[in-house]
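An overview of the molecular structure
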Amino acid sequence: MNLPLISVIIPTYNREQVLRETLAEVLQQTYPNFEVLVVDQTPTHEPETQTYLEQLTQAEKIKWYRLDWASLPGARNYAVRRSQGDILLFIDDDVQLPEGFLMAHARNYIPGETAAPEKIGAVAGRVFDRMKLSDSGGELTIENLPAEAQDPGIAWYHLDLVHTIKPQQVISARGCNMSFRREIFEQFGLTFDERFKGSAVREESDFCLRIRQTGYVIWYDPEAHLIHLGEEAGGCHDMSTRSVQYQITFYHNHFFMGLKNLTPGQCFRFFAKLFDCHVLGHPPCNKSGSPLKIISRFFFYKLGLIKALGTWITSLWDQGQIYTQQDP
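This write-up is about the structure you can find in this document. (Residues numbered from 1 in each chain as written. Predicted model: local features only at pLDDT ≥ 70, side-chain atom pairs only at ≥ 80, totals over all residues. Heavy atoms only, no water.)

What about the packing of helix α1 (residues 17-27) against helix α2 (residues 47-58)?
α2 packs onto α1 with a crossing angle of 25° between their chain directions and a minimal axis gap of 9 Å. Considering their axes alone, α1 and α2 lie roughly parallel with respect to each other. Two packed elements cross with a definite hand, and for α1 against α2 that hand is left-handed. Listed contacts from α2 to Q17, L19, R20, L23, A24 and L27 of α1 are E48, T49, Y52, L53 and L56. (Axes fitted to C-alpha atoms, helices over the stretch in contact; angles between N-to-C directions. Helix = DSSP H or I, 4+ residues; strand = E, 2+ residues; numbered from the N terminus. Parallel < 35°, antiparallel > 145°, perpendicular 65-115°, else oblique. Left-handed = near helix turned anticlockwise from the far one by under 90°. Contact = heavy atoms within 4.5 Å.)

Written out as structure tokens, the structure is:
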């Protein structure tokens, strides 16, 4: 069997030991046809990490690109332009991979290997997220996602790629474990939107929503699973989740994704659910119901909406791909 070449793309920012461990697990994969691209936006590494990356590069086990800016969607785009693979597989720099992980993604693109539809353009892998597994007690299993998980207005609160055990079509993948046919980028010209800031939350959702224009579908394969460690700092963003900047960009990114991709009715339901969950703290967010906390979150909600409206209006004449424009 001629197995497709897989480009494993790992953006990284301010990660040390966990990055080394992630790379070691990628390189232990027995899949015979893959390359590894590390897009490194860390200003200065610890000596052990620096030496490790240099050794892997010299041995031609990885392609190591160092950049002086930090943007997760920008890093993804940078790697796409330098990759050679038929399949582009994106993972985070703080994951643990089982044996056969690459093959689990690849087989979905090979006719006759799985029950996946012929028009599969992307694979969403299962993510064993430590925080979400802890919240559920680890006992929850889902076979068929509810119809709401296909509704762009509210899917984001029903799309569970942690506990779902049955392969099926989905509306989006999680950015730490997703793969795409190369045609998605070359034939249809899709790129990750570099206007998603900070931790770039919802940038992968935005990208996946635009795949609908291609006629391809996104297929969820629970066998293509990994463990996401969920380190708070690093990973192409330089802020704590408790910081003011994080809170503003969090809401900005949600609102911007909606304004770009959804109908007015879908936007209304999405923004209402965003308010109910993230501001009021109702399930599935389960945040503090303290009046001071709600007022604080509502402030960031409003500020994020204002900033997203500004970004959306500016997009009429500026697509905002600032890091791609800097790439000669």
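Focus on the pattern of salt bridges
Throughout the structure, instances matching the rule amount to 17 salt bridges. Close ionic contact of E203 with R76 constitutes a salt bridge, the shortest N to O distance being 2.8 Å. Here the residue E203 occupies a position in helix α7 (residues 203-211), and R76 occupies one in helix α3 (residues 72-82), the gap between them amounting to 127 residues. You'll find E203 and R76 in the same group, each marked buried. In this structure, D206 and K260 form a salt bridge, with 3.0 Å as the shortest nitrogen-oxygen distance. Of this pair, D206 sits in helix α7 while K260 is found in helix α8 (residues 244-261), placing the two residues 54 residues apart along the sequence. Exposure remark for K260: the relative accessible area of 28% places this residue in the partly exposed category. (Salt bridge = Lys/Arg side-chain N within 4 Å of Asp/Glu carboxyl O. Buried < 20%, exposed > 50% of the residue type's maximum accessible area, 1.4 Å probe, protein only.)

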